[in-house]
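# Remarks on the overall topology
Listed here are the chains, written in short residue letters.
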Amino acid sequence: MSSKDAPPPLPEPLLVPVADSHTHLDMQSGTVGEALTKAAAVGVTTVVQVGCDLKGSQWAAETAAAHENVHAAVALHPNEAPRIVLGDPDGWSRQGAREAGGDAALDEALAEIDRLAALPYVRAVGETGLDYFRTGPEGKAAQERSFRAHIEIAKRHGKALVIHDREAHADVLRVLDEEGAPERTVFHCYSGDAEMAEICAAKGYYMSFAGNMTFKNAQPLRDALAVAPLQLVLVETDAPFLTPAPYRGRPNAPYLIPVTVRAMAAVRGIAEEELCEAIAVNTATAFDY
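What comes next concerns the included structure. Here the residue numbers are simple positions, counted from 1 along each chain's written sequence. For a predicted model such as this one, the threshold for reporting local features is a pLDDT of at least 70, and the threshold for listing and counting side-chain atom pairs is 80 or more; totals across whole chains, interfaces and linings nevertheless cover every residue. With hydrogens and water set aside, each side-chain value is computed from the structure's full complement of heavy atoms.

### A short note on the overall build of the protein
Secondary structure assignment for the protein yields 10 helices and eight strands. Every radius of gyration here is taken over C-alpha atoms, with the globule rule written as 2.2 Å times N^0.38, N being the number of residues. Relative to its length of 289 residues, the protein is compact, with a C-alpha radius of gyration of 18 Å against a globular reference of 19 Å. Each principal axis of the C-alpha distribution contributes one length, and for the protein these read about 50 × 45 × 35 Å. Expressed as a percentage of its 289 residues, the buried residues of the protein come to 54%. Helix numbers and strand numbers start at the N terminus; a helix is a DSSP run of H or I with at least 4 residues, a strand a run of E with at least 2. Throughout, exposure labels follow a simple rule: accessible area from a 1.4 Å probe, protein chains only, divided by the maximum for the residue type, with under 20% read as buried, over 50% as exposed, and the rest as partly exposed.

Below you can see the structure in the form of structure tokens.
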């Protein structure tokens, strides 16, 4: 195994335990038990396992049912909605090539997300939202229709909403205003600037920061973190993606949360323990566990 594929070493444990508010254990190597044990060893005692498609959402719900320190979020990822409606001839997603199913297929998939969202171990509906990075203009209508449906599902079941917003800030905020955001709304892998952080703060939206806030070119994210109210700040890995510096490019996992937490505490100019205490309370509040 080259050093680039090797898992980074365990960081120093956090003194105050926190939660990883967004991870994809199903895309990481090793078992769920191994991932949770490694995370707990460094003070990451809770994870939110996030589904991106039907299979992943069903797996998230089952995994949360089997592990008391795992909570599930279920949804069709913004990039999944156009694949269901328009088809996916290249088989880019994990499901291989797919035929176009039209709006009826999207409705059917949303009905299953609705069913899963009612389960007690499912604490959130997400990740949903808009992604203009990977989906072209032809997919926008399917994404927005799916996003609106997920907002309705989250509100009806009293669950948190977890948002994926990539290069779509204005439209995401517009749809939330038009539909009325759920009481607990989380911007996962917050990617806006300080100005957008002020808007989110005014609306009471949680902002979850990932390992990319440690990247050299991520000054806008650090500026956003600096102005975000402490009671609305969460931390996540989005593992196996977005591994924090100095391990960028290597596989990410929940046990690397302390690396990001320490970078966040430095940006805020507060003690690590103070940030951890806030994050622990905020995550439990946001996901109602």
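### A look at unusual backbone geometry
In this model, Gly126 is joined to Glu127 through a cis peptide bond whose omega is 15°. The linkage connecting Ala245 with the following residue, Pro246, adopts the cis geometry, with an omega of 5°. Note that Pro246 resides in the loop between β8 (233-235) and α9 (257-268). We note that Cys189 has phi near 45°; this positive angle belongs to a residue other than glycine.

### Overview of the nonpolar core
If you look at the biggest cluster of nonpolar residues, it comprises 84 residues, and the most contacted ones within it are Phe147, Leu176, Phe187, Tyr190, Phe209, Met264 and Phe287. At six residues, the largest contribution of residues to this core is made by helix α4 (residues 102-117). The criterion is simple. A nonpolar core is a set of buried Ala, Val, Leu, Ile, Met, Phe, Trp, Tyr and Cys residues joined through side-chain atoms within 4.5 Å.

### Details of the sheet that holds strand β3 (residues 70-74)
A sheet is described by the order of its strands in space; here eight strands give the open sequence β1-β2-β3-β4-β5-β6-β7-β8, paired in parallel fashion. Each of the sheet's edge strands pairs with one partner strand only, and the pair in question is β1 (18-23) and β8. If you compare each strand with its neighbour and ignore which way they point, the axes differ by 30° on average. In this scheme, strands are said to pair when DSSP sees at least two bridges between them. Here strand β2 (residues 44-50) pairs with β3 via four bridges, running parallel. Within the sheet, the bridge partner assigned to Val50 lies in β3 and is Ala73. Here, axes are lines fitted to C-alpha atoms. For helices the fit covers the stretch in contact, and angles between N-to-C directions go from 0 to 180 degrees.

### Overview of the pairing of strand β7 (residues 206-209)
Burial along β7 is two-sided: Tyr206 and Ser208 facing one way and Met207 and Phe209 facing the other are all buried. Taken together, strand β6 (residues 185-187), helix α7 (residues 194-203) and β7 form a β-α-β motif whose crossover is right-handed. For β7 and β8, the ladder comprises three bridges, and the chain directions are parallel. Bridge pairing in β8 links Ser208 to Leu234. Every crossover in which the path from the first strand over the helix to the second runs clockwise, viewed with the strands pointing away from the viewer, is termed right-handed. Between the parallel pair β7 and β8, the chain is carried across by helix α8 (residues 219-227), and the sense of this crossover is right-handed.

### Here we look at helix α2 (residues 54-66)
With 13 residues, α2 extends 19 Å from end C-alpha to end C-alpha; this agrees with the ideal 18 Å at 1.5 Å per step. Of all the residues in α2, the buried ones are Gly56, Ser57, Ala60, Ala61, Thr63 and Ala64. Mapping the buried residues of α2 onto a view down its axis gives an arc of 165°, with all of them on the same face. In α2, the exposed positions angled more than 90 degrees off the buried face are occupied by Lys55, Glu62 and Ala66. Between two residues, a contact is recorded if the distance between any of their heavy atoms is within 4.5 Å. At its buried positions, α2 is contacted by α1 (32-41), β2, β3, α4 and β4 (122-131). To estimate how far a helix should reach, multiply one less than its number of residues by 1.5 Å. To obtain the arc, one takes the directions from the helix axis to the C-beta atoms.

### Some remarks on the pairing of β4
When you tally the buried positions in β4, you get nine out of 10 residues, the bulk of the element. Sheet topology note: the β4/strand β5 (residues 160-166) ladder contains six bridges and is parallel. For Thr128, the partnering residue across the bridge sits in β5 and is Ile163. Running through helix α5 (residues 140-157), the crossover from β4 to the neighbouring parallel element β5 is right-handed.

### Points about the packing of α8 against α9
Viewed as axis vectors pointing N to C, α8 and α9 meet at an angle of 65°, and their least axial separation amounts to 9 Å. Classified by the angle their axes make, α8 and α9 are roughly perpendicular. Once α8 is placed against α9, the crossing between them reads as right-handed. Note on element contacts: α9 touches α8 through Met264, Val267 and Arg268, opposite Arg222, Leu225 and Ala226. Residues are grouped as follows: Ala, Val, Leu, Ile, Met, Phe, Trp, Tyr, Cys and Pro are nonpolar; Asp, Glu, Lys and Arg are charged; every other residue, Gly included, is polar. Its residues assigned to classes, the contact of α8 with α9 comprises four nonpolar, no polar and two charged. Under this scheme an angle from 65 to 115 degrees is roughly perpendicular, one under 35 degrees roughly parallel, and one over 145 degrees roughly antiparallel; angles in between are oblique. Crossing handedness follows the turn of the near helix against the far one: under a right angle anticlockwise gives a left-handed crossing, and clockwise gives a right-handed one.

### Quick notes on α9
An ideal rise of 1.5 Å per residue puts 16 Å on 12 residues; α9 measures up with 16 Å between its terminal C-alpha atoms. Along α9, the residues that are buried comprise Ile257, Pro258, Val259, Thr260, Val261, Met264 and Ala265. Elements in contact with the buried residues of α9: β1, β2, β7, α8, β8 and α10 (272-286). Residue Gly269 follows α9 closely and has a positive phi angle near 70°.

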